[in-house]
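# Observations on chain architecture
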There are 2 protein chains.
Amino acid sequence: MNNFTDTLRAHQLKATPQRLTIMHIINGYGHINIDKLYEEVKKKFTSVSLATIYKNINAMTQNLLLSEVKIPNGKSVYEIVKEDHSHMVCTKCKNIVDIKVDTASIVDEVSSSYNFQVDTSELVLSGVCEKCHS
Amino acid sequence: MNNFTDTLRAHQLKATPQRLTIMHIINGYGHINIDKLYEEVKKKFTSVSLATIYKNINAMTQNLLLSEVKIPNGKSVYEIVKEDHSHMVCTKCKNIVDIKVDTASIVDEVSSSYNFQVDTSELVLSGVCEKCHS
DNA sequence: CTAAATGCAAAGCATTTGCAAATAT
DNA sequence: ATATTTGCAAATGCTTTGCATTTAG
């Protein structure tokens, strides 16, 4: 499954070369911010406009193909929507890693204790990754 | 303990009337975004500048008196630094509530499974609060 | 063929900066 | 008395918009 053309169409978006490139880049990086994405897309489409990047990121996010992750003390990054997961940010190398955490128990606990119907949960851990650990 | 003058000084910040007002307002709201804060401070200091709000929020955040909470699909809010806690955002009334959640177990789990030294964790739950639940 | 997407330039917000005057300590 | 803070205006930066042209389906 690496057919971004179909993925885009399944989300009511035309599969333009710019969009396919965006998908390919995000898929490769896992997570990427707007500036870096623009820089990378330009390598392939010298004349791509930053406005096109924004328009596409917005359209793809609204159509639930991408999701935004807000990073503490950092710029937002975008990723391809996939099964629920959390994030870990290394404060030294700034790398972001997906992690699988059981948030279900927490969500249950909160739902009952606070009488709050939880729909989504965002968990971001910050610290130092193995590589950067001195 | 509601002596904001001392609190400010303890954080190497002069206790100006504008800052005392900011502290008072944030303390009252619990969480507030820049625009709303500006609006509220203006009620007391008609001529306060938005630049002053930004400068102070930045200084107070850097000096660990305030902390920023990034809200999914919303503007950042600021709160007075206190013991570790998480947040719950109602997608209907946009209200934000502090919640006490045991994230320690999760942090431990992740620290060992991923060999990652976790320093801080940010958890934001979104859903519908009791009042807004139809 | 038609609706949607692109690229450009301009517009619109958000945030920061520089500086003279005012203020906290 | 001095270093910091304030308020203003200008500058910078980020994101969106309008529109003519191009392109996907």
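No experiment lies behind these values; they were computed from the predicted model shown.

The rules behind the values
Residues numbered from 1 in each chain as written. Chains lettered and ligands numbered in written order. Predicted model: local features only at pLDDT ≥ 70, side-chain atom pairs only at ≥ 80, totals over all residues. Heavy atoms only, no water. Near = heavy atom within 4 Å. Polar contact = N/O pair within 3.5 Å; in protein donor to acceptor, adjacent residues only side chain to side chain. Helix = DSSP H or I, 4+ residues; strand = E, 2+ residues; numbered from the N terminus. Expected span 1.5 Å × (residues − 1). Buried < 20%, exposed > 50% of the residue type's maximum accessible area, 1.4 Å probe, protein only. Arc of directions from axis to C-beta. Pairing = 2+ DSSP bridges. Axes fitted to C-alpha atoms, helices over the stretch in contact; angles between N-to-C directions. Contact = heavy atoms within 4.5 Å. Nonpolar A, V, L, I, M, F, W, Y, C, P; charged D, E, K, R; others polar.

Our next topic: the protein's contact with DNA strand D. Lining the immediate surroundings of DNA strand D are 20 residues, of which Arg9 and Tyr54 of chain A together with Thr16, Arg19 and Lys55 of chain B lie closest. Atoms of DNA strand D within 4 Å of the protein belong to the sugar or the phosphate in 73% of instances, the rest to bases. Separating a base nitrogen of DNA strand D from a side-chain N or O atom of Lys14 of chain A is a distance of 3.4 Å. Within the backbone of Ala15 of chain A, a nitrogen or oxygen atom sits 3.1 Å from a phosphate oxygen of DNA strand D. Only helix H4 (50-62) of chain A together with helix H2 (17-29) and helix H4 (50-62) of chain B provide two or more residues apiece to the surface near DNA strand D.

In this section: H4 of chain B. Note on helix geometry: an α-helix contains 3.6 residues per turn, so any two residues three or four positions apart are oriented the same way. All names here are of chain B. In a regular helix each residue adds 1.5 Å, so 13 residues correspond to 18 Å; H4 covers 18 Å between its end C-alpha atoms and thus fits that length. All of the buried residues in H4 are Ile53, Asn56, Ile57, Ala59 and Met60. Seen along its axis, H4 keeps its buried residues to an arc of 165°; they face one direction. In this structure, H4 carries Lys55 and Gln62 as exposed residues pointing more than 90 degrees from its buried face.

Turning to the environment of Asp84 of chain A, a few remarks are in order. Inspection of the secondary structure puts Asp84 of chain A in the loop between strand S2 (77-80) and strand S3 (86-90). Considering only alpha carbons, one finds Asp84 of chain A and Val101 of chain A, 17 residues apart in sequence, at a separation of 9.1 Å.

The strand order across the open sheet built from 6 strands is S4(A)-S3(A)-S5(A)-S5(B)-S3(B)-S4(B), with neighbouring strands paired in mixed fashion. On the outer flanks of this sheet lie strand S4 (96-99) of chain A together with strand S4 (96-99) of chain B, each paired with one strand and no other. Ignoring strand direction, the axes of neighbouring strands in this sheet form an average angle of 25°. One ladder, built from 4 bridges, connects strand S3 (residues 86-90) of chain B with S4 of chain B; its direction is antiparallel. Paired with Met88 of chain B across the strands is Val97 of chain B, a residue of S4 of chain B. Against the sheet, helix H5 (residues 104-114) of chain A contacts strand S5 (117-128) of chain A together with S3, S4 and strand S5 (117-128) of chain B, and its axis sits at roughly 130° relative to S5 of chain A. In this fold helix H5 (residues 104-114) of chain B packs onto S3, S4 and S5 of chain A together with S5 of chain B, with an angle of close to 130° to the strand it touches most, S5 of chain B.

Right, let's talk about the protein's contact with DNA strand C for a bit. Close contacts around DNA strand C come from 20 residues, with Thr16, Arg19 and Lys55 of chain A together with Arg9 and Tyr54 of chain B the closest. Each atom of DNA strand C within 4 Å of the protein was assigned to sugar, phosphate or base; sugar and phosphate come to 70%. Contact between DNA strand C and Thr16 of chain A: a phosphate oxygen at 2.6 Å from a side-chain N or O atom of the residue. Arg19 of chain A is positioned such that a nitrogen or oxygen atom in its side chain is 2.7 Å from a phosphate oxygen of DNA strand C. Where the surface near DNA strand C is concerned, the elements lending two or more residues are helix H2 (17-29) and H4 of chain A together with H4 of chain B. The element contributing the most residues to the surface near DNA strand C is H4 of chain B, with 5 residues. Classifying every residue of the surface near DNA strand C gives 7 nonpolar, 7 polar and 6 charged.

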